[in-house]
Amino acid sequence: MDFIIRQSGLFDIYEKVQAGQRISAEDGMRLFDSNDIVAIGKIADARRVRINGRNAYFTMNQHINPTNVCRNDCLFCAFYRKDGEEGAYRMSLQTIRHKVEERLAENIREIHIVGGLDEQLPYQYYIDVVRTVKEIRPEVNIKAYTAVEIAFLSEISGKSWAEVLNDLIAAGLNTMPGGGAEVFSPRVMRKLFMDKLTAAQWIEIHHIAHSKGIRTNATMLYGHIETNRERIDHLIQLREAQDISGGFLTFIPLAFHPENTRMHKLPLATGFTDLKMISISRIMLDNFPHIKAYWVMLGVNIAQIALSFGADDIDGSVVEERIYHMAGSKSAQMMTKKQMQNLISETGHIPVERDALYNEIVTQVA
Ligand code: V47
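S.K.: Quick one: what's the story with helix α7 (residues 147-157), residue by residue and with numbers?
M.R.: With 8 of its 11 residues buried, α7 lies for the most part within the structure. Residues of α7 that are buried: Ala 147, Val 148, Glu 149, Ile 150, Ala 151, Phe 152, Leu 153 and Ser 154. In this structure, the buried residues of α7 make contact with α6 (123-136), α8 (161-171), β5 (175-176) and α10 (199-211). In the stretch just after α7, Gly 158 is the one whose phi turns positive, near 75°.

S.K.: So what's going on with the sheet that holds strand β10 (residues 350-353)? Which residues, and what values?
M.R.: If you walk across this open sheet you meet the 3 strands as β9-β1-β10, and the pairing is parallel. The open sheet is flanked by β9 (313-316) and β10, the only strands paired with a single partner. Neighbouring strand axes in the sheet, compared pairwise and without regard to direction, differ in orientation by 25° on average. Judged from the 2 bridges that link them, strand β1 (residues 55-59) and β9 form a sheet pairing that is parallel. Note on β9: the bridge partner recorded for Tyr 57 is Asp 313. Helix-sheet contacts for helix α16 (residues 337-345) involve β1, β9 and β10, and the interaxial angle to β1 is about 165°.

S.K.: Let's hear about the site of the ligand: which residues, and what values?
M.R.: The environment of the ligand is formed by 24 residues, the closest being Phe 76, Lys 143, Gly 180, Glu 182 and His 257. Residue Gly 180 places a main-chain N or O atom 2.7 Å away from an oxygen atom belonging to the ligand. A distance of 2.8 Å separates a nitrogen atom of the ligand from a polar side-chain atom of Tyr 324. Breaking the shell around the ligand down by element, the ones donating at least two residues are β6 (215-222), β7 (248-255) and α15 (323-326). Of the residues belonging to the shell around the ligand, the class tally is 12 nonpolar, 8 polar and 4 charged.

S.K.: Please give an account of the side chain of Lys 196 that cites residues and values.
M.R.: Here Lys 196 shows up in the loop between α9 (186-192) and α10. Beyond its immediate sequence surroundings of up to four residues, Lys 196 is in contact with Asn 72, Cys 74, Phe 76, Val 148, Gly 180, Glu 182 and Met 189.

S.K.: Before we move on, can you summarise the packing of aromatic side chains with the specific residues and values?
M.R.: Summed over all chains, the structure comprises 11 aromatic pairs. Each ring, one from Tyr 125 and one from Tyr 126, has its centre 5.6 Å from the other, and the planes form 90°; the classification is edge-to-face. Across this residue pair, the class does not change: Tyr 125 and Tyr 126 are buried. Taken together, the aromatic side chains of Phe 184, Trp 202, Phe 248, Phe 251 and Phe 288 make up a single cluster linked through ring pairs. The aromatic ring of Phe 11 is capped on one face by Arg 6, whose charged end is 4.0 Å from the ring centroid. Between the NZ or CZ atom of Arg 322 and the centre of the ring of Tyr 89, over which it lies, the distance is 4.5 Å.

Here is what the cut-offs are and how they apply
- Residues numbered from 1 in each chain as written.
- Predicted model: local features only at pLDDT ≥ 70, side-chain atom pairs only at ≥ 80, totals over all residues.
- Heavy atoms only, no water.
- Buried < 20%, exposed > 50% of the residue type's maximum accessible area, 1.4 Å probe, protein only.
- Helix = DSSP H or I, 4+ residues; strand = E, 2+ residues; numbered from the N terminus.
- Contact = heavy atoms within 4.5 Å.
- Pairing = 2+ DSSP bridges.
- Axes fitted to C-alpha atoms, helices over the stretch in contact; angles between N-to-C directions.
- Near = heavy atom within 4 Å.
- Polar contact = N/O pair within 3.5 Å; in protein donor to acceptor, adjacent residues only side chain to side chain.
- Nonpolar A, V, L, I, M, F, W, Y, C, P; charged D, E, K, R; others polar.
- Phe/Tyr/Trp six-rings, centres within 6.5 Å; stacked < 30°, edge-to-face > 60°.
- Lys NZ or Arg CZ within 6 Å of the ring centre and 35° of its normal.

So this is what it looks like as structure tokens:
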């Protein structure tokens, strides 16, 4: 294997990773400039093994998207609708209650709640969604609302970001998802999602959450108009943010799905690009405990291979995912525990069922 990496011209990067050292932005650019996916994957695997050994994590989870009505017009999004438009919906608290209750028999560890910025719903609704879910399943980790939603809630309530987070924590919030980061490039932001947060604002909200003991994730949306330099800048900003707070748990690179969006003419990222993104993220983000290959977005086949290219987590059982399926994802709506264990075992990794904070779930055998 050393021979293959030597031939790729990336051996100095491999040596740094093996020594547990950080690589520079320029090293990251060299990885993007290389087409030697085997060498890049091996370097990522070296980092992965240092951090996570052969463990590959999965969880039993549920997604709830309370509303798809959104005041923003992000060009990459197929999920949102305008109020009154065909397909627009907002769930009553009763519907949300029902969605949680119908899965009470399953050992769900995490409920992931995100939606649109719906101006017709009052501030209290967003808080009550969390409270309702927590009342029914107090033991479950509630991973709710992206930084973009926190900023929106602050705007409609007149409260500060910190006060909004306090209200959500009092209602039962445990962790926050990594969405809404998109690409931390002012150029891309102006073109694709101009109403969203700047990098500094997105990071600031996560830092406030971290200071309150709320662990959060981070994402990057790739495969549209971003350049390799913009990808590297995004990763470097996240790495610096993590150096400050240490509160990020997982990084999730998200491939742009073009169907039903205003950028539908763009092609879907290839498997090659997906594996490169996962690998380079793992190599650059030496201070992130986990890299997730989100199977709903990648498809099960690439998510499985990604476990040998730096990823150590495939997310979970999911059920009723909307954001990617509206944008043309052909993935199933759910995976069973057995399916997840089998696909991990086949790669030679150890399947570890986890809770939201990556504690191992040890199942008692009767
Ligand atoms: O912020 C929206 C992306 C994100 C499209 O934290 C799209 O564990 C591709 O963040 N094609 C939301 N991507 C999803 C998300 C997430 C998913 C799974 C796990 C976690 C976690 C977080 O989805 C948005 C945006 O970047 N997105 N539309 C699209 N057409």
